[in-house]
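These are the residues of each chain, in order.
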Amino acid sequence: EKGGHEYFMLKEIEEQPEALANTLRGHFESGRIILDEQRISDQDLRDVDKVFVVACGSAYHSGLVAKYAIEHWTRLPVEVELASEFRYRDPVLDRDTLVVAVSQSGETADTLEAVRHAREQKARVLAVCNTNGAQIPRESDAVLYTHAGPEIGVASTKAFLAQIAANYLVGLALAQARGTKYPDEVAREFAELEAMPAAVQKVLSTVDQVRDLGRRIADSKAVLFLGRHVGFPVALEGALKLKELAYMHAEGFAAGELKHGPIALIEDGLPVVVVMPSPKGRAVLHSKLVSNISEIQARGARTIVIAEEGDETVRPFADELIEVPAVPTLLQPLVSTVPLQVLAAEIARARGYDVDKPRNLAKSVTVE
Ligand code: M6R
């Protein structure tokens, strides 16, 4: 059942190229992005003047990633909110607000209540969901299904990558409707997304290296994760995986916040995972992170650097270097998350824990 793997999660990590390809399939026809069950008219999509993404856990992180892309492509303000906060707030919504509710199970209680809260205020709700006919898509105006297949491991892996891809399709559909991207630009962005299954397949060649690293740092007390821009939500996701599977103290930080507090946590031997941006992307992002790594290394941290292959500038500061293929900046989370999933799973295994069924957690949280 586990396809020869010791635990489901590893099988599901390896299914990510397929999950991405299946999620993208059929969504670009005759030069246009198309969503599923689109009960929101093109006119309504054109009229959208604000986007909220509401979700919990990893699904929330997929929204944080998508914010960078959707704002860039559509020039619409995007707020990403934990469903459990959104539902008890008085968010500013109206019929021109698009609320994207992201949920693998489609049954998460807080996300469902956030959907109801949004619809009461006449906002349009689009569900991004991995489960056909679940409650959240049933109560939404439109649905975009992720086709990650059933996810057995409690820790989300392939569903998370598929959620990012689906959220990006929503962004492109909005850009297309609003005309903030020309049709050939939309086509190019889609083609770049379509190249991602192959890129993720390439990252999977680092699994053995990362598992070995996981075993070597399994007795650490804590692990910190740093990232900037789209690497920041990747850092949050890496920390969440480690908390839920390895029961270790793990925190993700925006690298720019280091000097505002977290750098005080750095002590000798503390593993710090740094998610590097591409050196070919925004040069300023890259050089800021290089100086962040040198600062934490100088304070004794054990630096674990996820960097684009061939990025020689980071080598002197990386105690451990994990290379991922070069992809456009906005798509980097699809490759850089993968080693963090493997790392968390292997640390958990080395500590003797059940990777697929971590303590105290359920696969879907249908009670608050
Ligand atoms: O089914 P959902 O996507 O709504 O679930 C949301 C979270 O409960 C889920 O992502 C959780 O955080 C995972 N265990 C993370 O690995």
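Scroll up to find the structure.
Description of the structure in this document. The numbers attached to residues start from 1 for each chain and follow its sequence in the written order. For a predicted model such as this one, the threshold for reporting local features is a pLDDT of at least 70, and the threshold for listing and counting side-chain atom pairs is 80 or more; totals across whole chains, interfaces and linings nevertheless cover every residue. With hydrogens and water stripped out, all remaining heavy atoms of the structure feed into the side-chain values.

Some details on the layout of surface pockets
Thought 1: Roughly 600 Å³ of volume is contained in the largest pocket.
Thought 2: Put simply, the grid is 1 Å and covers the protein atoms alone, a cavity is a trapped set of points that fit a 1.4 Å probe, a pocket is an open set with protein on both sides within 12 Å along at least five of seven lines, and lining residues have an atom within 4 Å of a point. Lining of the largest pocket is provided by 28 residues; of these, Cys56, Gly57, Ser58, Lys363 and Val365 occupy positions nearest its centre.
Thought 3: Secondary structure elements are defined from DSSP: runs of H or I of at least 4 residues count as helices, runs of E of at least 2 residues count as strands, and each element is numbered from the N terminus. Listed by contribution, the elements that provide at least two residues to the lining of the largest pocket are helix 4 (57–74), strand 6 (97–103), helix 6 (109–120) and helix 12 (231–246).
Thought 4: Each residue gets one of three labels, nonpolar for Ala, Val, Leu, Ile, Met, Phe, Trp, Tyr, Cys and Pro, charged for Asp, Glu, Lys and Arg, and polar for the others, Gly among them. Its residues placed into classes, the lining of the largest pocket shows 11 nonpolar, 11 polar and 6 charged.
Thought 5: Grid points are joined across faces, edges and corners, and a volume is the space filled by probe spheres set on the points. What the second largest pocket holds in volume is close to 280 Å³.
Thought 6: Lining of the second largest pocket is provided by 13 residues; of these, His72, Trp73, Pro328, Thr329 and Leu330 occupy positions nearest its centre.

Here we look at the pairing of strand 11 (residues 271–275)
Thought 1: Burial of strand 11 is extensive: 5 of the 5 residues sit out of reach of the surface.
Thought 2: Throughout, exposure labels follow a simple rule: accessible area from a 1.4 Å probe, protein chains only, divided by the maximum for the residue type, with under 20% read as buried, over 50% as exposed, and the rest as partly exposed. In strand 11, alternate side chains face the same way, and those of Pro271, Val273 and Val275 on one face and Val272 and Val274 on the other are all buried.
Thought 3: Strands were regarded as paired on the criterion that DSSP finds at least two bridges between them. Bridge count for strand 9 (residues 222–227) against strand 11 is 4 bridges, and the pairing is parallel. Note that in strand 11 the partner of leucine 224 across the bridge is valine 272.
Thought 4: Once you follow strand 11 into helix 13 (residues 283–298) and on to strand 12 (residues 302–308), the crossover reads as right-handed. For crossovers, right-handed means that the path from the first strand over the helix to the second runs clockwise, given strands pointing away from the viewer.

Considerations on the side chain of glutamate 295
Thought 1: By the element assignment, glutamate 295 lies in helix 13.
Thought 2: We classify glutamate 295 as buried; its relative accessible area is 19%.

Considering the pairing of strand 12
Thought 1: Within strand 12, 6 of the 7 residues are buried, which leaves it mostly tucked inside the rest of the structure.
Thought 2: As defined by bridge partners, strand 11 adjoins strand 12 across 5 bridges and the pair is classed as parallel. Bridge pairing in strand 12 links valine 273 to isoleucine 304.

Some thoughts on the site of the ligand
Thought 1: The near set for a molecule or strand comprises every residue that places at least one heavy atom within 4 Å of it. The ligand sits among 15 residues. The nearest are Ser103, Gln104, Ser105, Thr108 and Glu244.
Thought 2: One of the backbone N or O atoms of serine 156 is found 2.8 Å from an oxygen atom in the ligand.
Thought 3: The Shrake-Rupley method, run with a 1.4 Å probe, gives the accessible areas here. Residue values count only the displayed protein chains as cover. Against a free-state accessible area of 410 Å², the protein chains account for coverage of 90% of the ligand. Each polar contact in these results corresponds to two N or O atoms within 3.5 Å; when the atoms are within protein, one needs to be able to donate a hydrogen and the other to accept it, and residues that are neighboring in sequence are counted only if both atoms are side-chain atoms.

Observations regarding the packing of helix 10 (residues 196–203) against helix 14 (residues 332–350)
When two helices pack together, their arrangement is given by the angle between the helix axes and by the axis-to-axis distance.
Thought 1: Working convention: axes come from line fits to C-alpha atoms, limited for helices to the stretch in contact. Angles between N-to-C directions cover 0 to 180 degrees. It is the contact of helix 10 with helix 14, at a shortest axis distance of 9 Å, that shows an interaxial angle of 25°. As judged from the angle between their axes, helix 10 and helix 14 are roughly parallel. In this structure, the crossing between helix 10 and helix 14 has a hand that is right-handed. Contacts between helix 10 and helix 14 involve Met196, Ala199, Val200 and Val203 from the former and Leu334, Val335, Val338 and Pro339 from the latter.
Thought 2: Of the residues belonging to the contact of helix 10 with helix 14, the class tally is 8 nonpolar, no polar and no charged. Any angle between 65 and 115 degrees counts as roughly perpendicular, while under 35 counts as roughly parallel, over 145 as roughly antiparallel, and the rest as oblique. In a left-handed crossing the near helix is turned counterclockwise from the far helix by less than a right angle, and in a right-handed crossing that turn is clockwise. Note on contacts: a residue pair is in contact if any heavy atoms of the two residues lie within 4.5 Å.

Details of the side chain of glutamine 104
Thought 1: Secondary-structure assignment places glutamine 104 in the loop between strand 6 and helix 6.
Thought 2: Filtering out sequence-adjacent residues up to four positions away, glutamine 104 remains in contact with Cys129, Asn130, Thr131, Glu151, Ala159, Gln163 and Lys363.

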